[in-house]
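# Remarks on the overall topology
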Amino acid sequence: MNEDTGSLETKDGVALATRHWPAADPWAAMVVVHGAGEHSGRWSHVAEFFSSRGIDVHLFDLRGHGQSGGKRVHVDDFQTFGDDVQLVVEAKVLPLDKPWVLYGHSLGGLICSGYLLDDRPMPSAAVLSAPGLDDNLPRYLHVAGDVLGSILPGFSVPNSFTAEQLSRDPAVG
C-alpha cells in the first residue's frame, strides 16, 4: 500500500506530521491515535490491513512525538490532544462523508476516551486498545507530580522506557 505523508498546523502553530493509507474504493475511514513514546509509522501494518479492506486510514504523530512539533511528550492542557484529534478528523475524515472509526492505543486510548466525552464530531465506532486509564504508581509519585506540575509546569522527569521495549523487532523500536 502506498502511504501519503503531510502535515497539519494546529491553532497554536504546532505542525502535526500526518500519514494516510488510502483505500482503493473506501466505504469508511479510521483515525488511529498512537501511544506514548510512539509515532504513527509504527502503525503501518495496522493501516495496511484496514486500507486493503476498504477503509481510508489516517494517523498523525501526537505533538511532542515522532515528526510532530511541540515540546517532547508535554502539553499544558490535556484537552490539547483532543483538539489535535479533532483537527485531523475535520481535515481528513469528515469531508469523506463516510462512517468513521476512532482507534486509540494506550495514551491514544486515554486521549480518545476524553475526545468521546467532549462535544466533538462523534465517530460511528470507537476502539480503545489498552487505554491508559489508570496506573500502578505509588500515591506519593502522583502527589509529587501534582506539586511539581503546579510549581514548575513543563518540568520533565526521565523514565526508563526505551525504544527497544516497543517491540522485539529492532526496526520497529
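Scroll up for the structure.
Below is a short write-up of the structure. Since we're looking at a predicted model, the values are computed, not measured. (Residues numbered from 1 in each chain as written. Predicted model: local features only at pLDDT ≥ 70, side-chain atom pairs only at ≥ 80, totals over all residues. Heavy atoms only, no water.)

## Description of the sheet that holds strand 1 (residues 4-9)
- Pairing in this open sheet of six strands is mixed, and the strands run 1-2-4-3-5-6 from one edge to the other. Looking at which strands have only one partner, the edges of the open sheet turn out to be strand 1 and strand 6 (125-129). Recorded for the sheet is a direction-independent mean angle of 20° between the axes of neighbouring strands.
- Taken together, the six bridges between strand 1 and strand 2 (residues 15-21) define a ladder with antiparallel strand orientation. Bridge pairing links Leu8 to Leu16 in strand 2.
- Packing against the sheet, helix 1 (residues 44-51) makes contact with strand 2, strand 3 (28-33) and strand 4 (55-60), and its axis sits at approximately 160° to strand 4.
- Relative to the sheet, helix 3 (residues 107-117) contacts strand 3, strand 5 (100-105) and strand 6, its axis offset from that of strand 5 by approximately 135°. (Pairing = 2+ DSSP bridges. Helix = DSSP H or I, 4+ residues; strand = E, 2+ residues; numbered from the N terminus. Axes fitted to C-alpha atoms, helices over the stretch in contact; angles between N-to-C directions. Contact = heavy atoms within 4.5 Å.)

## So, the pairing of strand 5
- Within strand 5, five of the six residues are buried, which leaves the element mostly enclosed by the surrounding structure.
- Bridge analysis of strand 3 against strand 5 gives five bridges, and the strand direction is parallel. Across the sheet, Val32 pairs through a bridge with Tyr103, a residue of strand 5.
- Where strand 5 lies against strand 6, five bridges are found, and the strand directions are parallel. Within strand 6, the residue paired with Val101 across the bridge is Ala125.
- As for the winding sense of the linkage, the β-α-β connection from strand 5 through helix 3 to strand 6 is right-handed. (Buried < 20%, exposed > 50% of the residue type's maximum accessible area, 1.4 Å probe, protein only. Right-handed = clockwise from strand over helix to strand, strands pointing away.)

## Some points on the packing of aromatic side chains
- Summed over all chains, the structure comprises three aromatic pairs.
- Taking 5.7 Å as the distance between ring centres and 70° as the angle between the ring planes, the aromatic pair formed by Trp43 and Tyr103 counts as edge-to-face. Highlighted residues: Trp43 in the loop between strand 3 and helix 1 and Tyr103 in strand 5, separated in sequence by 60 residues.
- Ring centres of Phe49 and Phe50 lie 5.1 Å apart, and the angle between their planes is 90°; on these two criteria the pair is classed as edge-to-face.
- For Phe49, a relative accessible area of 39% gives the class partly exposed.
- The side chain of Arg53 reaches across the aromatic face of Phe49, ending 3.7 Å from its centre. (Phe/Tyr/Trp six-rings, centres within 6.5 Å; stacked < 30°, edge-to-face > 60°. Lys NZ or Arg CZ within 6 Å of the ring centre and 35° of its normal.)

## Describing helix 1
- Those residues of helix 1 that fall on the buried side of the exposure criterion are Val46, Ala47 and Ser51. Along the axis of helix 1, the buried residues cluster in a sector spanning 125°; they form a single face.
- The inward-facing, buried residues of helix 1 abut strand 2 and strand 4. (Arc of directions from axis to C-beta.)

## Details of the side chain of Thr80
- Tracing the backbone through its elements, the reader meets Thr80 in helix 2 (residues 79-93).
- On the accessibility criterion, Thr80 (17% relative accessible area) is buried.
- Leaving out residues up to four positions away in the same chain, Thr80 has contacts with Arg63 and Val75.

## Considering the pattern of salt bridges
- Taken as a whole, this structure holds seven salt bridges when the rule is applied.
- With its nearest N and O atoms 2.6 Å apart, the salt bridge here joins Arg63 to Asp84. Residue Arg63 is found in the loop between strand 4 and helix 2, and its partner Asp84 is found in helix 2; the two are separated by 21 residues along the sequence.
- Looking at Arg63, the relative accessible area reads 6%, which means it is buried.
- Salt bridges sharing partners connect three or more residues here, namely Lys11, Asp83, Asp118 and Arg120. (Salt bridge = Lys/Arg side-chain N within 4 Å of Asp/Glu carboxyl O.)

## So, a nonpolar patch on the surface
- Residues Val143, Val147, Leu148, Ile151 and Leu152 make up a contiguous nonpolar surface patch of roughly 400 Å² in combined accessible area.
- With respect to the secondary-structure elements, Val143 resides in helix 4 (residues 139-151).
- On the accessibility criterion, Val143 (37% relative accessible area) is partly exposed. (Patch = residues over 30% accessible without salt bridge, like charges linked within 9 Å, V, L, I, M, F, W, Y side chains within 5 Å. Areas by Shrake-Rupley, 256 points an atom, 1.4 Å probe, with all protein chains shown as cover.)

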